[in-house]
Amino acid sequence: MAQVKATGGENRAADSIVSAIEAQIADGRLQDSQPLPSERELMETYGASRTVVREAITALSNRGLVLTRPRFRPIVQKLGFDTIFASTDSVVRHLLSNPNGVKNLYEVRVFAEAGLARQAAAHATREHIQDLKSALMANEASISNSEGFYETDVAFHGVLYAISGNPVFAALHDGLVAWLAPQWDQMKRSPERNEGNYLAHKAIYDAILERDPDAAEEALRAHLKNAWEYVSVTFEFE
């Protein structure tokens, strides 16, 4: 049994358990989607109280290393950039309630996507172009269905992040969608506005197809600027 000394109190004991389990996840002894040992097993393994074990599990969950659900054993989550963004979810949502919080996050999106549009125009493969075209066609087909249009809108922008081949950008896209969704879900939508957004997407696609980074960035920035103006009027953001 690997006794965990509680020197300095229960917090230090919990930290020791967290470090031990982190090491097992890192070296593969605990695999992705594998349940953690039961609380009783962890108590026996580390010579700790149930309170200390639960504190350690909470810390692992806050770090995005395990997924917890009521009445189920915690599940190990694959280490990746997506878990990093997921672990900051509550903090980001709190920051969005601050003045200019949404605007600051939106500016991050504009900065990221402007660069991604340029990169796509310069380096996208034929397969990437086809993925972007398929997303654009799905977007056009959903113009009359605002719920479906929103989903295909997200998917179109998601392709720009995926084209980079960088998992950080893919995780960032998922985070931005989740964090900004509460505002976007309240937006009034119409087929007319959907069509305008589709045409903006097409302008981005056409510039990428023509291998014109400047035009791709310009089209992307114009699209997101127009979108922000609509958002800021709706929610009275500055």
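Residues numbered from 1 in each chain as written. Predicted model: local features only at pLDDT ≥ 70, side-chain atom pairs only at ≥ 80, totals over all residues. Heavy atoms only, no water.

Quick look at empty space enclosed by the protein
- This model, assessed by the stated rule, comprises 1 cavity of 30 Å³ or more.
- A volume near 440 Å³ is recorded for the largest cavity.
- Lining the largest cavity are 26 residues, and of these Arg109, Tyr150, Asp153, Trp184 and Ala227 sit closest to its centre.
- At the level of elements, helix 6 (101-123), helix 8 (146-163), helix 9 (167-184), helix 10 (191-209) and helix 11 (213-235) are the ones that each hand at least two residues to the lining of the largest cavity. (1 Å grid on protein atoms, 1.4 Å probe; cavity = no way out; pocket = protein on both sides within 12 Å on 5 of 7 lines; lining within 4 Å. Points joined across faces, edges and corners; volume = space filled by probe spheres on them. Helix = DSSP H or I, 4+ residues; strand = E, 2+ residues; numbered from the N terminus.)

Considering the side chain of Ser164
- Its location among the elements puts Ser164 in the loop between helix 8 and helix 9.
- At a separation of 3.1 Å, a polar atom in the side chain of Ser164 contacts the main-chain amide nitrogen of Asn166.
- Not counting residues within four places of it along the chain, the set of residues in contact with Ser164 comprises Leu116, Gln119 and Phe169. (Polar contact = N/O pair within 3.5 Å; in protein donor to acceptor, adjacent residues only side chain to side chain. Contact = heavy atoms within 4.5 Å.)

Remarks on unusual backbone geometry
- With a phi angle near 75°, Ser33 is a residue other than glycine that sits in the positive phi range.
- Mapping Ser33 onto the fold places it in the loop between helix 1 (10-26) and helix 2 (39-46).
- Residue class for Ser33 comes out exposed when judged on its relative accessible area of 51%.
- Backbone geometry at Arg71 places phi at a positive 70°, although glycine is not the residue there. (Buried < 20%, exposed > 50% of the residue type's maximum accessible area, 1.4 Å probe, protein only.)

As for helix 10
- Between the first and last C-alpha of helix 10 there are 26 Å, a value that for 19 residues agrees with the 27 Å anticipated at 1.5 Å per step.
- All of the buried residues in helix 10 are Asn194, Asn197, Tyr198, Ala200, His201, Ile204, Tyr205, Ala207 and Ile208.
- Among the residues trailing helix 10, Arg211 stands out with phi positive, at a value near 60°. (Expected span 1.5 Å × (residues − 1).)

Details of the side chain of Ser146
- By secondary structure assignment, the location of Ser146 is in helix 8.
- Here the side chain of Ser146 touches Asn194 through a polar contact of 3.1 Å, side chain to side chain.
- Not counting residues within four places of it along the chain, the set of residues in contact with Ser146 comprises Arg189, Ser190 and Asn194.

Looking at the nonpolar core
- Counting residues in hydrophobic clusters, the biggest one holds 44 residues, and the most contacted among them are Leu105, Tyr106, Leu132, Ile208 and Leu220.
- Secondary structure elements with two or more residues in this core: helix 5 (89-96), helix 6, helix 7 (126-141), helix 8, helix 9, helix 10 and helix 11.
- Ranked by residue count, the leading element in this core is helix 6, at 10 residues.
- Contact partners of Leu105, with chain neighbours within four places excluded, come to Val92, Leu96, Leu176, Trp179 and Leu180. (Core = buried A, V, L, I, M, F, W, Y, C linked by side-chain atoms within 4.5 Å.)

As for the environment of Leu176
- With respect to the secondary-structure elements, Leu176 resides in helix 9.
- Judged by relative accessible area, which is 4%, Leu176 ranks as buried.
- It is 8.4 Å that separates the C-alpha atoms of Leu176 and Tyr106, two residues lying 70 residues apart in sequence.
- Non-local contacts of Leu176, meaning those with residues more than four positions away in its chain, are made with Leu105, Arg109, Tyr161 and Ala181.

Some points on the confidence of the model for the protein
- Averaged over every residue, the pLDDT of the protein is 87; the share at 70 or more is 88%.
- Confidence scores differ between elements of the protein, with helix 4 (residues 81-87) showing the lowest mean pLDDT of 66 and helix 7 the highest of 97. (pLDDT = per-residue confidence, 0-100.)

Section: the packing of helix 8 against helix 10
- Viewed as axis vectors pointing N to C, helix 8 and helix 10 meet at an angle of 20°, and their least axial separation amounts to 11 Å. Taken together, the axes of helix 8 and helix 10 lie roughly parallel to each other. The way helix 8 lies across helix 10 gives a crossing that is left-handed. Here helix 8 contributes Ser146, Phe149, Asp153, Phe156, His157 and Leu160 to the contact with helix 10, which in turn contributes Asn194, Asn197, Tyr198, His201, Ile204, Tyr205 and Ile208.
- Residues that form the contact of helix 8 with helix 10 fall into these classes: 7 nonpolar, 5 polar and 1 charged. (Axes fitted to C-alpha atoms, helices over the stretch in contact; angles between N-to-C directions. Parallel < 35°, antiparallel > 145°, perpendicular 65-115°, else oblique. Left-handed = near helix turned anticlockwise from the far one by under 90°. Nonpolar A, V, L, I, M, F, W, Y, C, P; charged D, E, K, R; others polar.)

Comments concerning the packing of aromatic side chains
- Scanning all chains against the criterion turns up 1 aromatic pair.
- For Arg69, the ring lying beneath its charged end belongs to Phe72, and the centroid distance is 4.1 Å.
- The ring of Tyr230 carries Arg193 above its face, with NZ or CZ at 3.7 Å from the centroid. (Phe/Tyr/Trp six-rings, centres within 6.5 Å; stacked < 30°, edge-to-face > 60°. Lys NZ or Arg CZ within 6 Å of the ring centre and 35° of its normal.)

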